[in-house]
Amino acid sequence: MSRPSIAEVSTLIADLATLRQNPHRTSAEYAALMNRKADLLERIAAHTPGDTDAAEVARLARERADSLKPAN
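Residues numbered from 1 in each chain as written. Predicted model: local features only at pLDDT ≥ 70, side-chain atom pairs only at ≥ 80, totals over all residues. Heavy atoms only, no water.

*Asks:* Any details on the nonpolar core? Residues and values, ideally.
*Replies:* Counting residues in hydrophobic clusters, the biggest one holds 9 residues: Leu12, Leu16, Leu19, Leu33, Met34, Ala38, Leu40, Ala61 and Ala65. Elements represented by at least two residues in this core include exactly helix 1 (6-21), helix 2 (27-46) and helix 3 (52-67). If you tally residues by element for this core, the top one is helix 2, at 4 residues. Setting aside its immediate chain neighbours within four residues, Met34 contacts Leu16, Ala65 and Leu68. (Core = buried A, V, L, I, M, F, W, Y, C linked by side-chain atoms within 4.5 Å. Buried < 20%, exposed > 50% of the residue type's maximum accessible area, 1.4 Å probe, protein only. Helix = DSSP H or I, 4+ residues; strand = E, 2+ residues; numbered from the N terminus. Contact = heavy atoms within 4.5 Å.)

Below, the structure written as structure tokens:
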């Protein structure tokens, strides 16, 4: 896993703010953004071994993102 950059974090935060302000957002757009957020948090946790808080936040984000995926 590559180390996340500040630019990636900034882009995600900006995209979260934009999506939050869009009253016409779709559930698919929201789910895709939550998946990106989970991916980023997992990468952060992977690069901070021993940080149980980072690992827990990443786990919860992944759980939430997975819950938003459509059932097949």
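*Asks:* Any details on the environment of Arg3? Residues and values, ideally.
*Replies:* Relative to the elements of secondary structure, Arg3 occurs in the segment before helix 1. Counting along the chain gives 63 residues from Arg3 to Asp66, while the straight-line C-alpha distance between them is 22 Å.

*Asks:* Lay out the side chain of Arg62 in plain terms, naming residues and giving numbers.
*Replies:* Position of Arg62 among the secondary structure elements: in helix 3. Filtering out sequence-adjacent residues up to four positions away, Arg62 remains in contact with Asn35, Ala38, Asp39 and Glu42.

*Asks:* Break down the packing of helix 2 against helix 3 for me, citing the residues and quoting the values.
*Replies:* Contact geometry of helix 2 with helix 3 gives a least axis separation of 8 Å together with a crossing angle of 155°. On the basis of the axis angle, helix 2 is roughly antiparallel to helix 3. The handedness of the crossing between helix 2 and helix 3 comes out as left-handed. Along its contact with helix 2, which presents Tyr30, Met34, Asn35, Ala38, Asp39, Leu41, Glu42 and Ala45, the element helix 3 presents Ala54, Ala55, Val57, Ala58, Ala61, Arg62, Arg64 and Ala65. Class assignment for the residues of the contact of helix 2 with helix 3 results in 11 nonpolar, 1 polar and 4 charged. (Axes fitted to C-alpha atoms, helices over the stretch in contact; angles between N-to-C directions. Parallel < 35°, antiparallel > 145°, perpendicular 65-115°, else oblique. Left-handed = near helix turned anticlockwise from the far one by under 90°. Nonpolar A, V, L, I, M, F, W, Y, C, P; charged D, E, K, R; others polar.)

*Asks:* Which residues make up helix 1, and what are the values?
*Replies:* The end-to-end C-alpha distance of helix 1, which contains 16 residues, comes to 23 Å, matching closely the 22 Å that a straight helix rising 1.5 Å per residue would cover. Along helix 1, the positions that sit buried rather than exposed are Leu12, Leu16 and Leu19. Looking down the long axis of helix 1, one finds its buried residues gathered within 70° of arc, a one-sided arrangement. For helix 1, exposure combined with an orientation more than 90 degrees from the buried face picks out Ile6, Ile13, Thr18 and Gln21. Contacts from the buried residues of helix 1 go to helix 2. (Expected span 1.5 Å × (residues − 1). Arc of directions from axis to C-beta.)

*Asks:* Which residues make up the pattern of salt bridges, and what are the values?
*Replies:* Considering all chains together, one arrives at 8 salt bridges under this definition. Notably, a salt bridge pairs Asp15 with Arg36, separated by 2.8 Å at the nearest N-O pair. Taken together, the residues Asp15 in helix 1 and Arg36 in helix 2 connect sequence positions 21 residues apart. The class of Asp15 is partly exposed, set by a relative accessible area of 29%. Using a relative accessible area of 37% as the deciding quantity, one classes Arg36 as partly exposed. Close ionic contact of Asp66 with Arg62 constitutes a salt bridge, the shortest N to O distance being 3.5 Å. Of this pair, Asp66 and Arg62 both sit in helix 3, 4 residues apart, which is roughly one turn of the helix. (Salt bridge = Lys/Arg side-chain N within 4 Å of Asp/Glu carboxyl O.)

Bear in mind that shape data such as this cannot, by itself, settle questions of function.
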